[in-house]
Amino acid sequence: MRIEADTETCVGSGRCVLTEPAVFDQDDDGIVVLLTDRPAGRAAARARQAASLCPSRALRLMEP
Amino acid sequence: MTPTDTTQPPDQPFPLARSCPFTEPEPYTRLREQQPVSKVRLRGGEQAWWVSGYAEARAVLADRRFSSDRRKDGYPNPNGDPRFRERFRTQPPPMVSLDGTEHAAVRRSVLGEFTLKRLSALRPRIQQIVDRFIDEMLACDSRPVDLVQALSLPVPSLVICELLGVPYEDHDCFQSRTAAMTRRTVPPAERLRAFDELQACLAALLTRKESEPGDDLLSRQIAQQREQGAVDHARLLSTATGLLVAGHETTANMITLGVLALLEHPGQRALLTEDPGSTPAAVEELLRFFSIGDTVIARVATEDVRVGGVTIKANEGVIVSVLSANRDPAAFDDPAELNPTRAARHHISFGYGPHQCLGQNLARLELRIVFDTLFRRIPGLRLAVPVDEIPFKTDATVYGAHELPVTW
Ligand code: HEM
Ligand code: SF4
């Protein structure tokens, strides 16, 4: 699975970071930073959850 | 879903009074089942769309064709307060009332103050604040104690004061004004005056921060604006007021109702005290269950939009019922059940879309610390009156309790 984050639409809710800190981080301005764009296993499942929680729909998942 | 439903709004004006803190008013359930987007009559007499389905609520809140601009015609005024629109015409609108790129610019200017990293740095200080107010409760000879005045209100008030950089000697000015603004026994005119005085305190504080900056949110905002050209005093005042107002009573009400629920469900309380790791999930469930900002989320359509099988026309008002959406069985199993171990994180108690609560992670942190600390330090805490004698804010914009008498 590959993941893309749109830093233009991100509204800095931090929901992704709370959900999977191994994949998502925030920069000093609160905007999403991807720590990896190819999460695997549990991290992939949590990244999927994060995408469904993201209030600005800024996270895009691409299979495989 | 018959089209006639849209032309037959229910007889009673919405939102309905929340007479029981634990259940949603019955007509809410009925409307959600019949038609998740339907027309209702508001308390002030106007009509608006009432969005009660979870999927429909998220669809509306993610859709940029719905505006948050309270100055626009058609923007609903759920509680029929005549002063409502005027308040937003006089000052630069707070970010919650801005749309699109203008909203994004203002939100992004303060976002850095609310990152998870910044918030974890605040944790020890918030713990100290919570401990201090619990110390004062324990030192108090007379019982019962009103938890609202002793803990629920002062904790978020002091936290936000320190975040903004209100110096210690000014805390009283802020705390007494914010307390007056939310107290039922204070007449409306006086509450409005408290608001004006709060703004005056903040304006004076801003002027002071311009010449004597400190290590705080307001000083950093001033520095940031200087770098970009000039300090926009009115904008800063609006941001500061917005943070104080949005973050104070909301969090306080959640503390009060959360403590009430945990006192009423000893098994769930035991779960938290035995395993603090279970607190975050419990906080999410309490946020979902009480949905305190049931009718704070309103929008106005800027063009015709199809949603939930109906067409919302341009300039028509929309109210997203947070309570209804959070009790939609399509999104939560057994939604009427308070179950602190369920996965409730997708609730919309902090909203959804670009305006999703800026202070949500601060609120989460405060709630976790309060619940963990209170029941650990006062294990014998109990209600001093039966639940049906607690004065709930049945008709307020933000749901809660005016008082919660407790003893131990
Ligand atoms: C349990 C406590 C809280 C609840 C239930 C709550 C609820 C909400 C909701 C539902 C919204 C969205 C409004 C909309 O979409 O129109 C919102 C926005 C907002 N909240 Fe909170 N809030 C809480 C605590 C806080 C705290 C602690 C702060 C500040 C420190 C805060 C600051 C804000 C701000 C600035 C906005 C506007 C964000 C924007 O428009 O982009 N809130 N809140
Ligand atoms: S959840 Fe979405 S909006 Fe929130 S920080 Fe992550 S990417 Fe940004």
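What you see is a predicted model; the values in this text were computed from it and never measured.

Colleague: I tried to follow the overall build of chain A on my own but got confused; where do I start?
Modeller: Looking only at helices and strands, chain A features 2 helices and 4 strands. The helix and strand sequence of chain A, counted from the amino end, reads β-α-β-β-α-β. For 64 residues, the compact-globule formula gives about 11 Å, and the C-alpha radius of gyration of chain A, at 10 Å, lands near that figure. Expressed as lengths along the three principal axes of its C-alpha atoms, the size of chain A is roughly 30 × 15 × 15 Å. Counting every atom, chain A has about 3200 Å² of accessible surface; 48% of that belongs to carbon and sulfur.

Colleague: How do you make sense of the packing of helix 5 (residues 116-139) of chain B against helix 7 (residues 154-164) of chain B when you look at a structure like this?
Modeller: Two packed helices can be described by the angle between their axes and the distance between those axes. Residues and elements named next belong to chain B. Between helix 5 and helix 7, whose axes approach to 10 Å, the crossing angle comes to 140°. Overall, the two elements helix 5 and helix 7 adopt an arrangement that is oblique. As for the relative orientation of helix 5 and helix 7, their crossing is right-handed in sense. Taking contact as the criterion, the partners of L122, R125, I126, I129, V130, R132 and F133 in helix 5 are, on helix 7, P154, V155, L158, V159, E162 and L163. Here the contact of helix 5 with helix 7 is built from residues that sort into 10 nonpolar, no polar and 3 charged.

Colleague: Would you mind going over the sheet that holds strand 3 (residues 66-67) of chain B with me for this structure?
Modeller: Paired through backbone hydrogen bonds, the strands of a sheet run either parallel or antiparallel to each other. All names here are of chain B. If you walk across this open sheet you meet the 5 strands as 1-2-8-5-3, and the pairing is mixed. Of all strands in the sheet, those with a lone pairing partner are strand 1 (37-41) and strand 3, marking the two edges. Pairing of strand 2 (residues 47-51) with strand 8 (residues 317-320) involves 3 bridges; the strand directions are parallel. Paired with W49 across the strands is V318, a residue of strand 8. Where helix 2 (residues 54-62) meets the sheet, it contacts strand 1, strand 2, strand 3, strand 5 (298-301) and strand 8, and its direction lies at approximately 125° from that of strand 8.

Colleague: For this particular structure, what's the right way to read the interface of chain A and chain B?
Modeller: The parts lose accessible area when they come together, and the size of an interface is often stated as this lost area. Facing the 25 residues of chain A at the interface are 19 residues of chain B. Overall, the association of chain A and chain B removes approximately 1800 Å² of surface from exposure, summing both partners, and the carbon and sulfur fraction of that is 44%. In terms of surface lost to chain B, no three residues of chain A exceed V11(A), R15(A) and P55(A), which account for 29% of the buried area on that side. Summed over the shared surface of chain A and chain B, the result is 1 salt bridge. Of the charged contacts, one joins K117(B) and D25(A) as a salt bridge, the two residues approaching to 3.4 Å between their closest N and O atoms. Linking chain A with chain B are 13 residue pairs in polar contact (both at pLDDT 80 or more).

Colleague: Hey, could you run me through the state of the cysteines in this one?
Modeller: The term disulfide refers to a covalent linkage connecting the sulfur atoms of a pair of cysteines. Residue and element names in this part refer to chain B. Summed over all chains, the structure comprises 1 disulfide over all chains. Between the sulfur atoms of C173 and its disulfide partner C201 the distance amounts to 2.2 Å. Given an S-S torsion of about 75°, the disulfide between C173 and C201 has right-handed geometry. Taken together, the residues C173 in helix 8 (residues 171-182) and C201 in helix 9 (residues 188-211) connect sequence positions 28 residues apart. A single burial state applies to C173 and to C201, both of which are buried.

Colleague: Just checking my understanding: could you explain the packing of aromatic side chains for this structure?
Modeller: Given two aromatic rings, their pairing is described by the distance between the two centres and the angle made by the two planes. Residues and elements named next belong to chain B. A full pass over the atoms with the stated rule returns 8 aromatic pairs over all chains. Judged by centre distance (6.3 Å) and plane angle (35°), the rings of F22 and F289 are tilted. Placement of F22 in the segment before helix 1 (26-34) and of F289 in helix 13 (residues 279-290) is noted, with a sequence separation of 267 residues between them. Every member of this aromatic cluster is reached through a ring pair, and the members are F14, Y28 and W50. If you follow R18 out to its NZ or CZ, it ends over the ring of Y399, 4.1 Å from the centre. In this arrangement the basic side chain of R327 is found over the ring face of F289, its NZ or CZ atom lying 4.4 Å from the centre.

Colleague: Would you mind going over the coordination of the iron atom of ligand 1 with me for this structure?
Modeller: For a metal with four tetrahedral donors the ideal donor-metal-donor angle is 109.5 degrees, whereas six octahedral donors ideally subtend 90 or 180 degrees. Among all protein atoms, only C357(B) (SG) binds the iron atom of ligand 1, sitting 2.3 Å from it. Relative to the helices and strands, C357(B) resides in the loop between helix 14 (322-326) and helix 15 (360-377).

Colleague: How should the pattern of salt bridges be read in this particular structure?
Modeller: Should their charged atoms come close, side chains of opposite charge can pair. All names here are of chain B. This model, assessed by the stated rule, comprises 25 salt bridges over all chains. The salt bridge partner of R208 is D170, with a shortest N-O separation of 2.8 Å. In this pair, R208 sits in helix 9 while D170 sits in the loop between helix 7 and helix 8, placing the two residues 38 residues apart along the sequence. Assessed through its relative accessible area of 33%, R208 is described here as partly exposed. On the accessibility criterion, D170 (18% relative accessible area) is buried. Three or more residues joined by partner-sharing salt bridges are found here, namely E113, R118, D215 and R220.

Colleague: It is not clear to me how the site of ligand 1 should be interpreted in this structure. Could you clarify?
Modeller: Residues and elements named next belong to chain B. In the vicinity of ligand 1 lie 25 residues, with H103, R107, R299, H355 and C357 positioned nearest. For ligand 1, an oxygen atom lies 2.8 Å from a polar atom in the side chain of R107. Contact between ligand 1 and H355: an oxygen atom at 2.6 Å from a side-chain N or O atom of the residue. Elements supplying a minimum of two residues to the shell around ligand 1: helix 4 (100-111), helix 11 (233-264) and helix 15. Top element by residues in the shell around ligand 1 is helix 11. It accounts for 5 residues. The residue inventory of the shell around ligand 1, partitioned by class, reads 15 nonpolar, 8 polar and 2 charged.

Colleague: When you look at the packing of helix 9 of chain B against helix 10 (residues 217-227) of chain B in this model, what are you seeing that I'm missing?
Modeller: All names here are of chain B. It is the contact of helix 9 with helix 10, at a shortest axis distance of 9 Å, that shows an interaxial angle of 65°. Both helix 9 and helix 10 take part in a crossing whose hand is right-handed. Within the contact between the two elements, helix 9 uses L205, L206, K209 and E210 and helix 10 uses L218, S219, I222 and R226. Classifying every residue of the contact of helix 9 with helix 10 gives 4 nonpolar, 1 polar and 3 charged.

The rules behind each value
Each chain has its residues counted from 1, running along the sequence as written. Here chains are named by letter from A upward and ligands by number from 1 upward, in the order in which they appear as written. Given that the model is predicted, a residue must reach a pLDDT of at least 70 before its local features are reported, and side-chain atom pairs must reach 80 or more before they are shown or counted; all residues, however, enter totals for whole chains, interfaces and linings. Hydrogens and water molecules were not included; the side-chain quantities draw on all heavy atoms of the structure. Helix numbering and strand numbering both begin at the N terminus, where a helix is a DSSP run of H or I of at least 4 residues and a strand a DSSP run of E of at least 2. Our radius of gyration looks at C-alpha atoms and nothing else; its globule reference is 2.2 Å times the residue count to the power 0.38. A 1.4 Å probe and the Shrake-Rupley method give the accessible areas. Residues count as covered only by the protein chains that appear here. Axis lines are fitted to C-alpha atoms, over the contacting stretch for helices. Their N-to-C directions set the angle, which ranges from 0 to 180 degrees. Small angles under 35 degrees read as roughly parallel and large ones over 145 as roughly antiparallel, with 65 to 115 read as roughly perpendicular and the rest as oblique. Note on convention: near helix rotated counterclockwise from far helix by under a right angle means a left-handed crossing. Clockwise means right-handed. Two residues form a contact once any of their heavy atoms are found within 4.5 Å. Throughout, the ten residues Ala, Val, Leu, Ile, Met, Phe, Trp, Tyr, Cys and Pro are labelled nonpolar, Asp, Glu, Lys and Arg are labelled charged, and all others, Gly among them, are labelled polar. Strands were regarded as paired on the criterion that DSSP finds at least two bridges between them. As a working definition, buried area equals the accessible area (1.4 Å probe) given up by two parts on being put together, with both sides summed. We define a salt bridge as a side-chain nitrogen of Lys or Arg found within 4 Å of a carboxyl oxygen belonging to Asp or Glu. In protein, a polar contact requires one atom able to donate a hydrogen and another able to accept it; more generally it is a pair of N or O atoms within 3.5 Å, and residues adjacent in sequence count only if both atoms are side-chain atoms. Note on terminology: pairs of cysteine sulfur atoms within 2.5 Å are recorded as disulfides. For every residue, the accessible area obtained with a 1.4 Å probe (protein chains only) is divided by the maximum for its type, and the residue is called buried under 20%, exposed over 50%, and partly exposed between those limits. Classification of ring pairs rests on two measures: the distance between centres of Phe, Tyr or Trp rings, Trp counted by its six-membered ring, which must be within 6.5 Å, and the angle between planes, read as stacked under 30 degrees, edge-to-face over 60 and tilted in between. A ring is scored as having a charge over it whenever the NZ atom of a lysine or the CZ atom of an arginine sits within 6 Å of its centre and within 35 degrees of its normal. Only nitrogen, oxygen and sulfur atoms within 2.8 Å of the metal, or 3.2 Å for Na, K and Ca, are treated as donors, and water is left out, so sites may look incomplete. The criterion for a residue being near a molecule or strand is simple. One of its heavy atoms has to lie within 4 Å of it.

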